[in-house]
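Survey of secondary and tertiary structure
If you want the building blocks of each chain, they are given just below.
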Amino acid sequence: QQQVKQSPQSLIVQKGGISIINCAYENTAFDYFPWYQQFPGKGPALLIAIRPDVSEKKEGRFTISFNKSAKQFSLHIMDSQPGDSATYFCAASGGSGSRLTFGEGTQLTVNP
Amino acid sequence: ETGVTQTPRHLVMGMTNKKSLKCEQHLGHNAMYWYKQSAKKPLELMFVYNFKEQTENNSVPSRFSPECPNSSHLFLHLHTLQPEDSALYLCASSQERGLGYTFGSGTRLTVV
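The structure reproduced in this document is the subject of the present report. Here the structure is a predicted model, which is why all the values come from computation and not from measurement.

Structural notes on the overall build of chain B
Helices and strands together make up the secondary structure of chain B, namely zero helices and eleven strands. Ordered by position from the N terminus, the helices and strands of chain B form the series β-β-β-β-β-β-β-β-β-β-β. In terms of overall size, chain B behaves like a compact globule, its C-alpha atoms giving a radius of gyration of 13 Å where 112 residues would be expected to give roughly 13 Å. Seen through its principal axes, chain B has C-alpha atoms that stretch 35 × 25 × 25 Å. Taking all contacts inside chain B whose residues are at least 6 apart in sequence as the whole, residues at least 24 apart take part in 54%. Of the charged side chains in chain B, 11 are positive and 9 negative; the average position of the first set lies 7 Å away from that of the second.

So, in structure tokens, the structure goes:
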């Protein structure tokens, strides 16, 4: 019940296209859903996060869509750029006092 | 720099060696974590420290020994490692458990 399932494992998108990565969870106590971006040779960096009281959060070209009833959330990258090529991790936690559970990661490649 | 500094960045050690990884954060965070990241595998949580006290050990072999002398420093002592222990070891910190992790850049460990 602590798992977060992420798909796809890898994704190739053309420059200017939309990249979509999906995550699903089971634990209804989760109330914090961040996305992390990791470039080769670096640690993951917090990209954007959402709480279940909103269905969407947008920061620049990055948008999280959240569906509480389906227990799913997704990351959309609009106008994808080659510099967005990285590994993306979704995560979830039950808030203060619980640990962050990570998805398996998606390797995104944006072709020029 | 993210505010979480890990040293060394790269480490090659023999199976009979003893070495230590160091993590330092000056973000005022109360929780610190060790993760293992192997190729094509999800992030594996190893240890959690909250206010210098170890609160989680995810069945990590005893050849990995963590130490947290204060809330700003975290060490991972290594001895008699196996080649399968070769991986990227990531340190992270957060203000509270489960929220807003800040990762270091990791130590790339190779056991020969």
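Quick word on the sheet that holds strand β1 (residues 4–7) of chain A
Residues and elements named next belong to chain A. A sheet is described by the order of its strands in space; here five strands give the open sequence β1-β3-β8-β7-β6, paired in antiparallel fashion. If you trace the sheet from one side to the other, it starts and ends with β1 and β6 (56–59), each paired once. The average angle at which neighbouring strand axes cross in this sheet is 15 degrees, direction not considered. Two elements, strand β7 (residues 62–67) and strand β8 (residues 72–77), share six bridges in a ladder whose sense is antiparallel. By the bridge assignment, F66 is partnered in β8 with F73.

Quick word on the environment of Q25 of chain B
Residue and element names in this part refer to chain B. Mapped onto the fold, Q25 is located in strand β3 (residues 18–25). Among the residues examined, Q25 registers a relative accessible area of 1% and is labelled buried. Separated by 79 residues in sequence, Q25 and G104 place their C-alpha atoms 8.8 Å apart. For Q25, the side chain forms a polar contact with the main-chain nitrogen of G28, separated by 3.4 Å.

Section: the nonpolar core
Residue and element names in this part refer to chain A. In this structure, V4, F33, W35, F73, L75, Y88 and L108 are the most contacted members of the largest nonpolar core, which totals 24 residues. Mapped by element, the contributors of at least two residues to this core are β2 (10–14), β3 (19–25), β4 (33–38), β5 (45–50), β7, β8, β9 (86–92) and β11 (106–111). A per-element tally of this core places β9 first, with four residues. For L108, the contacting residues outside a window of four places in its chain are L11, V13, S19, I77, D84, S85, A86 and Y88.

A word on the sheet that holds strand β1 (residues 4–7) of chain B
Residues and elements named next belong to chain B. Spatial ordering of the open sheet is given by β1-β3-β8-β7, a layout of four strands whose pairing is antiparallel. Across the chains shown, the open sheet's two edge strands, defined by having one partner strand only, are β1 and β7 (64–70). Across the sheet, the axes of successive neighbouring strands diverge by a mean angle of 15 degrees, strand direction being ignored. The sheet contact formed by β1 and β3 spans four bridges and is antiparallel. Bridge assignment links V4 to a residue of β3, and that residue is Q25.

Observations concerning the layout of surface pockets
Here the largest pocket is characterised by a volume of approximately 680 Å³. T87 and Q107 of chain A together with Q37, A39 and K40 of chain B are the residues nearest the centre of the largest pocket, which is lined by 27 residues in total. Approximately 300 Å³ is the volume found for the second largest pocket. Around the second largest pocket sit 16 residues that line it, and R99, T101 and F102 of chain A together with P42 and L43 of chain B are the ones nearest its centre. In terms of residue class, the lining of the second largest pocket is built from seven nonpolar, five polar and four charged.

Here's the deal with the state of the cysteines
Residues and elements named next belong to chain B. Taken as a whole, this structure holds two disulfides over all chains when the rule is applied. A sulfur-sulfur distance of 1.9 Å marks the disulfide that ties C23 to C91. Between C23 and C91, the S-S dihedral sits near -70 degrees, and the bridge is therefore left-handed. Residue C23 is found in strand β3, and its partner C91 is found in strand β9 (residues 87–94); the two are separated by 68 residues along the sequence.

Considerations on the packing of aromatic side chains
All names here are of chain A. Applying the stated criterion to the full structure yields 19 aromatic pairs over all chains. With a centroid separation of 6.5 Å and 90 degrees between ring planes, the pair formed by F89 and F102 is classed as edge-to-face. On the criterion of sequence distance, the pair formed by F89 in strand β9 and F102 in strand β10 (residues 101–102) is long-range, its members being 13 residues apart. A relative accessible area of 2% places F89 in the buried class. Taking the relative accessible area as the measure of exposure, F102 reaches 10% and is therefore buried.

What counts and what doesn't
Residues numbered from 1 in each chain as written. Chains lettered and ligands numbered in written order. Predicted model: local features only at pLDDT ≥ 70, side-chain atom pairs only at ≥ 80, totals over all residues. Heavy atoms only, no water. Helix = DSSP H or I, 4+ residues; strand = E, 2+ residues; numbered from the N terminus. Rg over C-alpha atoms; globule rule 2.2 N^0.38 Å. Contact = heavy atoms within 4.5 Å. Lys, Arg positive; Asp, Glu negative; His and termini not counted. Charge placed at Lys NZ, Arg CZ, Asp CG, Glu CD. Pairing = 2+ DSSP bridges. Axes fitted to C-alpha atoms, helices over the stretch in contact; angles between N-to-C directions. Buried < 20%, exposed > 50% of the residue type's maximum accessible area, 1.4 Å probe, protein only. Polar contact = N/O pair within 3.5 Å; in protein donor to acceptor, adjacent residues only side chain to side chain. Core = buried A, V, L, I, M, F, W, Y, C linked by side-chain atoms within 4.5 Å. 1 Å grid on protein atoms, 1.4 Å probe; cavity = no way out; pocket = protein on both sides within 12 Å on 5 of 7 lines; lining within 4 Å. Points joined across faces, edges and corners; volume = space filled by probe spheres on them. Nonpolar A, V, L, I, M, F, W, Y, C, P; charged D, E, K, R; others polar. Disulfide = S-S within 2.5 Å. Phe/Tyr/Trp six-rings, centres within 6.5 Å; stacked < 30°, edge-to-face > 60°.

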